[in-house]
Amino acid sequence: MDAAAEAFASMTEQVLGQVKSAVASSAASPDDRSIPQVIYDQAMAFVSAVDWKEPWIAGLVSLEALLLLVVLLTRKHTTFQAWLFMLLGAIIYCAKHINHFCAQHWRSFAGQPYFDEHGIFVSILLSTPLLIANIIIVINHLIVLSGLLVKVKRAELRARARESARENNSKKEK
């Protein structure tokens with residue numbers, strides 16, 4: 001049993017060593033830029049590659065801003081938000097199909113082909129804002145549920161106190 005444990009430990013150390021060296025080699029960029037700088041440069045390259053004046057992109061961004069406003073304004077309407085959560089989840093689920101459809105028909109609405117086979121553009125411009133809206137909905141539901149839990153516990157303690165007071169009164173009367 002000890003030989004098997006030692007073999008597993010040495011194999012684990014080898015794998016971890018390989019992972020550490022792979023991470024270190026991928027983190028070190030040729031011009032010694034830091035990882036946040038590389039991420040920033042890639043984000044700026046994406047922003048500069050997109051023509052933000054195209055009507056459909058402006059409409060999509062406006063629609064997502066409106067969606068965020070709706071999510072924030074309907075925070076007390078949890079049933080509506082639950083349905084919205086499912087709708088947004090369905091749209092996110094269909095993002096691959098949306099990307100495929102848009103890749104085939106981009107000439108009819110876009111000035112350049114944004115839609116690649118990996119769906120990066122759709123993921124960034126469609127799915128990410130919808131996921132953020134869904135995260136906000138989940139956080140709101142957790143807040144509402146914690147408030148309900150406090151109300152239920154208070155009611156339970158009040159009922160227990162009333163019951164205890166009744167028992168004390170009935171004992172005093174006897």
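If you're wondering where the values come from, they're calculated on a predicted model, not measured in any experiment. Just so you know, the residues in each chain are numbered from 1, in the order the chain's sequence is written. Only residues with pLDDT of at least 70 are given local features in this predicted model, and only at 80 or more are side-chain atom pairs given and counted; all residues enter the totals for whole chains, interfaces and linings. Computation of side-chain values covers all heavy atoms of the structure but excludes hydrogens and water.

Let us now look at the overall build of the protein. Secondary structure elements are taken from DSSP: a helix is a run of H or I of four residues or more, a strand is a run of E of two residues or more, and numbering for both begins at the N terminus. If you tally the helices and strands in the protein, you get 6 helices and 0 strands. N-terminal to C-terminal, the α/β element order of the protein is α-α-α-α-α-α. Throughout this description, buried means an accessible area under 20% of the type-specific maximum (1.4 Å probe, protein chains only), exposed means over 50%, and partly exposed covers the range between. Each of the 174 residues in the protein was classed as buried or not, and the buried ones make up 18%. For the protein, restricting intrachain contacts to residue pairs at least 6 apart in sequence, the fraction spanning at least 24 positions comes to 66%. Here the open area of atoms and residues is found with the Shrake-Rupley method and a 1.4 Å probe, where only the protein chains shown may cover a residue. Just so you have it, the protein exposes about 13300 Å², and 67% of that area is on carbon and sulfur atoms. Contact criterion: two residues are considered in contact whenever any of their non-hydrogen atoms come within 4.5 Å of each other.

A few words on the nonpolar core. Core analysis: the largest hydrophobic core is formed by 21 residues, its most contacted members being L67, L88, Y114, F115 and F121. Every element with two or more residues in this core is listed here: α3 (55-73), α4 (78-93), α5 (95-105) and α6 (120-173). The greatest single-element share of this core, amounting to 7 residues, is contributed by α6. Filtering out sequence-adjacent residues up to four positions away, F121 remains in contact with F46, V50, W56, I57, Y114, F115, D116 and L126. To define a nonpolar core, start from buried Ala, Val, Leu, Ile, Met, Phe, Trp, Tyr and Cys residues and group those joined through side-chain atoms within 4.5 Å.

Among all positions of α5, only A95, N99 and C102 are buried. All buried residues of α5 fall inside an arc of 70° around its axis, so they share one side. Of the exposed residues in α5, the ones pointing more than 90 degrees away from its buried face are K96, H97 and F101. Contacts from the buried residues of α5 go to α4 and α6. Here, the arc refers to the directions that run from the helix axis to the C-beta atoms.

A side-chain nitrogen of Lys or Arg and a carboxyl oxygen of Asp or Glu constitute a salt bridge if their distance falls within 4 Å. Evaluated as defined, the whole model comprises 3 salt bridges. One salt bridge in this structure joins E156 and R160, with 2.8 Å as the shortest N-O distance. Of the two residues, E156 and R160 are both situated in helix α6; the distance of 4 residues between them amounts to about one turn of the helix. Linked by salt bridges that have partners in common, K153, E156 and R160 make up one network.

Bringing α6 into the picture now. Working note: α-helix, 3.6 residues per turn, so residues spaced by three or four point in the same direction. Here α6 spans 77 Å end to end across 54 residues, near enough to the 80 Å set by a 1.5 Å rise per residue. Of all the positions in α6, only F121, V122, L125, L126, S127, L130, A133, N134, I137 and N140 are classed as buried. Buried positions along α6 lie against α2 (35-49), α3, α4 and α5. The length a helix should cover is 1.5 Å for every residue beyond the first.

Time to look at the packing of α4 against α6. Every angle, taken between N-to-C directions, lies between 0 and 180 degrees, and every axis is a line fitted to C-alpha atoms, over only the stretch in contact when it is a helix. Taken N-terminus to C-terminus, the directions of α4 and α6 make an angle of 150°; their axes are 10 Å apart at the nearest point. Accordingly, the angle class assigned to the pair α4 and α6 is roughly antiparallel. Between α4 and α6 lies a crossing of left-handed hand. Across from T78, Q81, A82, L84, F85, L88, G89, I91 and I92 in α4, the residues of α6 making contact are L126, S127, L130, L131, A133, N134, I137, V138, N140, H141 and V144. Ten residue types, Ala, Val, Leu, Ile, Met, Phe, Trp, Tyr, Cys and Pro, are classed as nonpolar, four, Asp, Glu, Lys and Arg, as charged, and the remainder, Gly among them, as polar. Of the residues belonging to the contact of α4 with α6, the class tally is 13 nonpolar, 7 polar and no charged. Oblique is the label for any angle not under 35 degrees, not over 145, and not in the 65 to 115 range, which are roughly parallel, roughly antiparallel and roughly perpendicular in turn. Helix crossings fall into two classes, left-handed where the near helix is turned counterclockwise from the far one by less than a right angle and right-handed where it is turned clockwise.

Okay, a nonpolar patch on the surface next. Each patch is built from residues that are more than 30% exposed by relative accessible area and take part in no salt bridge. Like charges join if they lie within 9 Å; nonpolar side chains (Val, Leu, Ile, Met, Phe, Trp, Tyr) join within 5 Å. Judged by side-chain polarity, Y40, M44, V47, W52 and V61 come together as a nonpolar surface patch covering roughly 430 Å² of accessible area. Ranked by residues supplied to the nonpolar patch, first place goes to α2 with 3 residues. Of note, M44 is situated in helix α2. By relative accessible area, which is 36% here, M44 ends up partly exposed.

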